[in-house]
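# Commentary on secondary and tertiary structure
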Amino acid sequence: MQFKAHNLKVVQPTTLEGIEKYLGSGMVKGIGPHFAKALVKAFKENVFTIIETDPESMLKLPGIGKKRVEKITSAWHGQKAIREIMVFLPSHGVGTGRAVRIYKTYGDEAIIKVSENPYRLALDIHGIGFKTADLIAQKLGIASDSMIRAQAGVRHVLQEISGEGHCASPWTILAEESVKLLEIPGSILEAAIREEIREENLVQEEIDGLDCLFLTPLQRAEVGAASGVTRILAGSPPWGNIDADKAIPWVAEQTGPALSASQLDAVRLALSKKMVVITGGPGVGKTTLVNSILRILGAKHLRETLCAPTGRAAKRLLPQPNGRRILSWPEMVG
């Protein structure tokens, strides 16, 4: 196998625990976790040599026959590339489970791809983030001020910002936060941002006079959501015109406590629009408000279906007048 790498040296695991994990990973047909333990117990550090040059020695172990030995040796010799990958990755800080996922994603080119740019793992492999990829890069000898690290770091910072509820970040803030995290010159990070835009990993837009940057998937999601809301809002509500001045006193008699001024405003808005977003902290009366709206709409003999993110949230919307069905999110997606 020919590949480009940074000071690459493929070595086999040397500890008995590492050998057992490697053999029991499922990559060598005929060897599972139980038999891997038996092999390591019997042959210790020589187990690889036994499989490679003296496979008949495995016949001495209880419960193993010629067919199984042939299966193991055939898989062993036929999967040399896989073995190199499954040895190379753990030797650079990648656990066996992740190494298997990496191999399944990249195949025989896994060593090439990881060696040239380990930061691609954060994009391609579920469960591997920037910090893990950065540790692998350090072990491979990739410079801390390299362009591939700067680009990956910029994406990571923007992901962290999105975790705080922001779809985008002003360019200047992203650059400043990236300098703090990566501890490399701002000029390199500025170049990295421009390259990420060129590669369409980031999208640049002007918001309130500021140059802002989105992760491409988030920008597409935001545009899609806005398009969906615009589509939903078009036209008249399916329940027609409802006189809120008559409906609100009627529903107040059924629900008990009088609605607050903000709740009344929300009811009026909901009755006149096809879509409304109601927000507020715990205990402000969102559930009471929703039930009031649904009672009014129920009087129009409409069929209602509610969706909640959890079963507990769905129960908060009980009772269910007019045969209303309430679904939790797992039911909706299942």
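As the structure is a prediction and not an experimental result, all values here were calculated from the model. (Residues numbered from 1 in each chain as written. Predicted model: local features only at pLDDT ≥ 70, side-chain atom pairs only at ≥ 80, totals over all residues. Heavy atoms only, no water.)

### Re the nonpolar core
In this structure, Leu23, Ile31, Leu39, Met58, Ile102 and Val114 are the most contacted members of the largest nonpolar core, which totals 64 residues. Once residues lying within four places of it in the same chain are set aside, the contact partners of Ile31 are Leu23, Gly26, Ala36, Leu39, Ile51 and Ile72. Ranked by size, the runner-up nonpolar core spans 14 residues in total, among them Leu259, Val267, Ile293 and Ile296. (Core = buried A, V, L, I, M, F, W, Y, C linked by side-chain atoms within 4.5 Å. Buried < 20%, exposed > 50% of the residue type's maximum accessible area, 1.4 Å probe, protein only. Contact = heavy atoms within 4.5 Å.)

### Overview of the pattern of salt bridges
Considering all chains together, one arrives at nine salt bridges under this definition. With a closest N to O distance of 2.9 Å, Asp134 and Arg149 form a salt bridge. With Asp134 in helix H9 (residues 130–140) and Arg149 in helix H10 (residues 147–163), this pair connects stretches of sequence that are 15 residues apart. Side by side, Asp134 and Arg149 carry an identical accessibility label, which is buried. Residues Arg155 and Glu196 are paired through a salt bridge, measuring 2.9 Å at the closest nitrogen-oxygen approach. Taken as a pair, Arg155 in helix H10 and Glu196 in helix H12 (residues 186–198) lie far apart in primary sequence, 41 residues in all. Judged by relative accessible area, which is 9%, Arg155 ranks as buried. The exposure class of Glu196 is buried, given its relative accessible area of 0%. (Salt bridge = Lys/Arg side-chain N within 4 Å of Asp/Glu carboxyl O. Helix = DSSP H or I, 4+ residues; strand = E, 2+ residues; numbered from the N terminus.)

### Some words on the packing of aromatic side chains
Inspection of the entire model under this criterion finds one aromatic pair. Geometrically, the ring pair formed by Tyr119 and Phe130 is stacked, given 5.7 Å between the ring centres and 20 degrees between the ring planes. Residue Tyr119 is found in the loop between helix H7 (110–116) and helix H8 (120–124), and its partner Phe130 is found in helix H9; the two are separated by 11 residues along the sequence. Residues Tyr119 and Phe130 agree in their burial class; the two are buried. One Lys or Arg, Arg68, reaches over the ring of Phe35 and ends 4.3 Å from the middle of that ring. (Phe/Tyr/Trp six-rings, centres within 6.5 Å; stacked < 30°, edge-to-face > 60°. Lys NZ or Arg CZ within 6 Å of the ring centre and 35° of its normal.)

### Section: unusual backbone geometry
For Glu183, which is not a glycine, the phi torsion comes out positive at approximately 55 degrees. Here Glu183 is to be found in the loop between helix H11 (171–182) and H12. Although it is not a glycine, Glu200 adopts a positive phi angle of roughly 65 degrees. Tracing the sequence through the fold places Glu200 in the loop between H12 and strand E2 (202–207). The exposure class of Glu200 is exposed, given its relative accessible area of 57%.

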